[in-house]
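What follows is the residue order along each chain.
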Amino acid sequence: MADVPKREVENVEFVFEVMGSPGEGIDAVDLGDALRALNLNPTLALVEKMGGTKKRNEKKIKMDEFLPIYSQVKKEKEQGCYEDFIECLKLYDKEENGHMMLAELQHALLSLGENLDDEQVETLFADCMDPEDDEGMIPYSQFIQRLMSDPVVFD
C-alpha cells in the first residue's frame, strides 16, 4: 500500500468518505481537491498528469489507486512555501515597505502561472485580503499568511 504511514492512510480514508461514495472511490475530477484536503499543493498540470480529469463521471479513483498518487505528489518539490511567495511579491514592493498595489496582485493572479478567473480572484480577496488603503496598496505578507493558513475553495 504505497509508502504512506498509517495515520496518513486514516486521513485519506476520511477524505474518501467525505468526497466519494463507498466502494466506488472519488471522481477523478476531484483528485486535486482531495490532495489539497490532505495539505498538499499540486499544480493543475500535476493533477492532470496523475490522472485527474476535467469532466465529472469520466473516471473513478479507488483508494488503492489514490495512495500511490498521494505518495508521489507528497514528494513533489514544485510546491512553494511562504518565503517563496513573499520573495515573488517583493518584486512589486516599490517602496520596500511590505505593501504592493492591489491592482498589480490582481493582474498577476489573472495572467501569470495557473491564472485564476475574475470570480476566483474576488473570492480570494474577500477571504484573505485586508481592504486596500487610499493609495490602492495592500500589505502582502498578511495576504499570503491567510492564504496559506485557510485554503480557499472554489466551486
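- The protein chain appears in an unreviewed UniProt entry as Myosin light chain alkali from Drosophila kikkawai.
- Looking at the protein chain in UniProt, the text filed under Subunit (unreviewed entry) is "Myosin is a hexamer of 2 heavy chains and 4 light chains."

**A short note on the overall build of the protein chain**
- Scanning the protein chain from N- to C-terminus turns up 8 helices and 4 strands.
- If you list the helices and strands of the protein chain from N to C, you get α-β-α-α-β-α-α-β-α-α-β-α.
- By residue count, 33% of the 155 residues in the protein chain fall in the buried class.
- Long-range pairs, those at least 24 residues apart, make up 62% of the contacts in the protein chain with a sequence separation of at least 6.

**Here we look at the packing of helix H5 (residues 82–90) against helix H8 (residues 140–149)**
- Between H5 and H8, whose axes approach to 10 Å, the crossing angle comes to 145°. When you trace H5 past H8, the crossing you get is right-handed. Facing H5, whose interface residues are Tyr82, Phe85, Ile86, Leu89 and Lys90, H8 presents Tyr140, Ser141, Ile144, Gln145 and Met148.
- Within the contact of H5 with H8, the residues separate by chemical class into 7 nonpolar, 2 polar and 1 charged.

**Remarks on a negative patch on the surface**
- On the surface, a cluster of negative charge is made up of Glu95, Glu132, Asp133, Asp134 and Glu135.
- Among the structural elements, Glu135 can be located in the loop between helix H7 (118–128) and strand E4 (137–139).
- Here Glu135 falls in the exposed class, since its relative accessible area comes to 62%.

**Observations concerning the domain arrangement of the protein chain**
- For the protein chain, the domain assignment lists domain 1 (6–75) and domain 2 (82–148).
- Placing the centre of domain 1 and that of domain 2 at their C-alpha centroids yields a distance of 29 Å.

**Description of the nonpolar core**
- Of all hydrophobic cores here, the largest spans 21 residues; its most connected members are Val12, Leu31, Leu35, Phe66, Tyr70 and Val73.
- Those elements giving two or more residues to this core turn out to be helix H1 (6–19), helix H2 (31–37), helix H3 (44–49) and helix H4 (63–75).
- In terms of nonpolar packing, the next biggest core, distinct from the first, is built from 14 residues, Ile86, Phe125, Cys128 and Ile144 among them.

**Side note on the packing of aromatic side chains**
- Scanning the model with the defined rule gives 3 aromatic pairs in all.
- Ring centres of Phe16 and Phe66 lie 5.2 Å apart, and the angle between their planes is 70°; on these two criteria the pair is classed as edge-to-face. Pair noted here: Phe16 is in helix H1 and Phe66 is in helix H4, with a separation of 50 residues, a long-range link. Like Phe66, Phe16 is buried.
- A ring pair is formed by Phe125 and Phe143, whose centres lie 6.2 Å apart and whose planes are at 75°; its orientation type is edge-to-face. Taken as a pair, Phe125 in helix H7 and Phe143 in helix H8 lie far apart in primary sequence, 18 residues in all.
- Taken together, the ring pairs in this structure connect Phe16, Phe66 and Tyr70 into an aromatic cluster.

**Side note on the side chain of Asp93**
- Take Asp93: it is sitting in the loop between H5 and strand E3 (99–101).
- Although buried, Asp93 forms no salt bridge, and the nearest oppositely charged side chain, Lys90, lies 7.5 Å from it.

About the criteria used
Residues numbered from 1 in each chain as written. Predicted model: local features only at pLDDT ≥ 70, side-chain atom pairs only at ≥ 80, totals over all residues. Heavy atoms only, no water. UniProt positions renumbered as here; feature names shortened; annotations may be inferred. Helix = DSSP H or I, 4+ residues; strand = E, 2+ residues; numbered from the N terminus. Buried < 20%, exposed > 50% of the residue type's maximum accessible area, 1.4 Å probe, protein only. Contact = heavy atoms within 4.5 Å. Axes fitted to C-alpha atoms, helices over the stretch in contact; angles between N-to-C directions. Left-handed = near helix turned anticlockwise from the far one by under 90°. Nonpolar A, V, L, I, M, F, W, Y, C, P; charged D, E, K, R; others polar. Patch = residues over 30% accessible without salt bridge, like charges linked within 9 Å, V, L, I, M, F, W, Y side chains within 5 Å. Areas by Shrake-Rupley, 256 points an atom, 1.4 Å probe, with all protein chains shown as cover. Salt bridge = Lys/Arg side-chain N within 4 Å of Asp/Glu carboxyl O. Lys, Arg positive; Asp, Glu negative; His and termini not counted. Charge placed at Lys NZ, Arg CZ, Asp CG, Glu CD. Domains from an automatic or database assignment. Core = buried A, V, L, I, M, F, W, Y, C linked by side-chain atoms within 4.5 Å. Phe/Tyr/Trp six-rings, centres within 6.5 Å; stacked < 30°, edge-to-face > 60°.

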